[in-house]
Structure formats: C-alpha cells, structure tokens
Amino acid sequence: MAAMLGVGGVAGALLAPVLHRRLGPYGGIIAVFWALAVLAPVTVLMDSGYLIGVLFALMALFPPTANTAIMTDQLLRTPDELRGRLTSTLVLACGAAGAAGPALGGSLAQVLPGDRAILLCSAGMAAAAVLATVSPTLRTLSRRHETGRPAD
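Residues numbered from 1 in each chain as written. Predicted model: local features only at pLDDT ≥ 70, side-chain atom pairs only at ≥ 80, totals over all residues. Heavy atoms only, no water.

1. A short note on the overall build of the chain
Helix and strand counts for the chain stand at 7 helices and 0 strands. Along the first, second and third principal axes, the C-alpha atoms of the chain reach 50 × 30 × 30 Å. Residues counted as buried form 28% of the 152 residues belonging to the chain. For the chain, contacts bridging at least 24 residues in sequence account for 75% of all contacts bridging at least 6. Total accessible area on the chain is roughly 9400 Å²; 71% of this is exposed by carbon and sulfur atoms. (Helix = DSSP H or I, 4+ residues; strand = E, 2+ residues; numbered from the N terminus. Buried < 20%, exposed > 50% of the residue type's maximum accessible area, 1.4 Å probe, protein only. Contact = heavy atoms within 4.5 Å. Areas by Shrake-Rupley, 256 points an atom, 1.4 Å probe, with all protein chains shown as cover.)

2. A word on the UniProt feature "transmembrane region" (unreviewed entry) in the chain
In the numbering used here, UniProt assigns the feature "transmembrane region" (unreviewed entry) to residues 31–62, 82–105 and 117–134. Between the end C-alpha atoms of residues 31–62 the distance is 6 Å, and the span holds 62% helix and 0% strand. Annotated as residues 117–134, this span is 100% helix and 0% strand, and its ends, taken at the C-alpha atoms, are 26 Å apart. (UniProt positions renumbered as here; feature names shortened; annotations may be inferred.)

3. Brief notes about the environment of alanine 57
With respect to the helices and strands, the residue alanine 57 is situated in helix α2 (residues 49–59). Distance in space between the C-alpha atoms of alanine 57 and asparagine 67 is 17 Å, their sequence separation being 10 residues. Apart from the residues within four sequence positions on either side, alanine 57 is in contact with Met4, Leu5 and Gly8.

4. Focus: the packing of helix α1 (residues 2–39) against helix α3 (residues 63–77)
Running from N to C, α1 and α3 point in directions that differ by 55°, and their axes come no closer than 5 Å. The orientation of α1 with respect to α3, classified from their angle, is oblique. Handedness of the α1/α3 crossing: right-handed. On α3, the residues touching Gly9, Gly12, Ala13, Ala16, Leu19, His20, Pro25, Gly28, Ile29 and Val32 of α1 are Pro63, Pro64, Thr65, Ala66, Ala69 and Ile70. Here the residues of the contact of α1 with α3 sort into 11 nonpolar, 5 polar and no charged. (Axes fitted to C-alpha atoms, helices over the stretch in contact; angles between N-to-C directions. Parallel < 35°, antiparallel > 145°, perpendicular 65-115°, else oblique. Left-handed = near helix turned anticlockwise from the far one by under 90°. Nonpolar A, V, L, I, M, F, W, Y, C, P; charged D, E, K, R; others polar.)

5. Re the side chain of threonine 43
Along the chain, threonine 43 falls in the loop between α1 and α2. Given a relative accessible area of 11%, threonine 43 falls into the buried group. Those residues in contact with threonine 43 that sit more than four places away from it in its chain are Ile52, Leu55, Phe56, Met59 and Ile118.

Here it is in structure tokens:
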C-alpha cells in the first residue's frame, strides 16, 4: 500500500504541470481536499490491500500540484528577508503535524473500531474540504497567480 502511495506521488509530480494548467492554483489545492474526503471513506469498503493501494495512489496524485501553487504564492507574498523564517516555521509546523497525526489516529483506532475511526477522520476531511472550498483567501490565489504579484 505504501509503495502505491509513492507511485501516486511520483505520477502526481509528473502530471503537476498539466494539472496546474487545467485546474489553476485554487483548483489544485481544492482537488487535494476533495480527493481525500471522497476516497478515504471508500477504504472502509475495501478488503484488498491492492485496491486500498490504488486509492492511496489516487489520493497522492494532487498534492504536488497543490504544493506548487502554495509555494509560488508564498514566494510572491513573503518579503525576501522573511522567507527563511517563514519556511522554517512552516517546516516545523508540518513536521509536528506529521508526528501528531499518526499518534492521534492510532489513539482513535484504540478507542473506536477501525471502520468507525476511518469514517470519523473522513468526516473531518470532508469538513476541511468544505471550508477550503468556500475560503475567500484560497479563491484569490488564481488572481494573484495570473498577475504574478500578491493581491491587495
């Protein structure tokens, strides 16, 4: 399953230029949220590790496109003298989330049966997808990207 996640990430990196042109910055970011929100609960229905691996590969397809949009916006908006500080802060926050996520997920799986834990996490992903979709800040990414400068 983990290998399929990696295959999806590499495929996503290769497809990122095409996806970025078709979806734009906002669409690329929203695609990540909705891919997770839609595909994660489907894993409850799967018995085969290979099929779950295919779902993982599909989930990993969009993050490279979203990362490109986010990093481009970050570079456009952040003054040169603050880029190092911002990047180190983001790396620290992402590293902490990367460590806390599995611990919290494992704790949740100890409290609830596996399928319910997955569905509860999926509900959180769906809520995040809805919030990201209606976010006025994310919607302005396309305008900022087209002009090549931060929006006012």
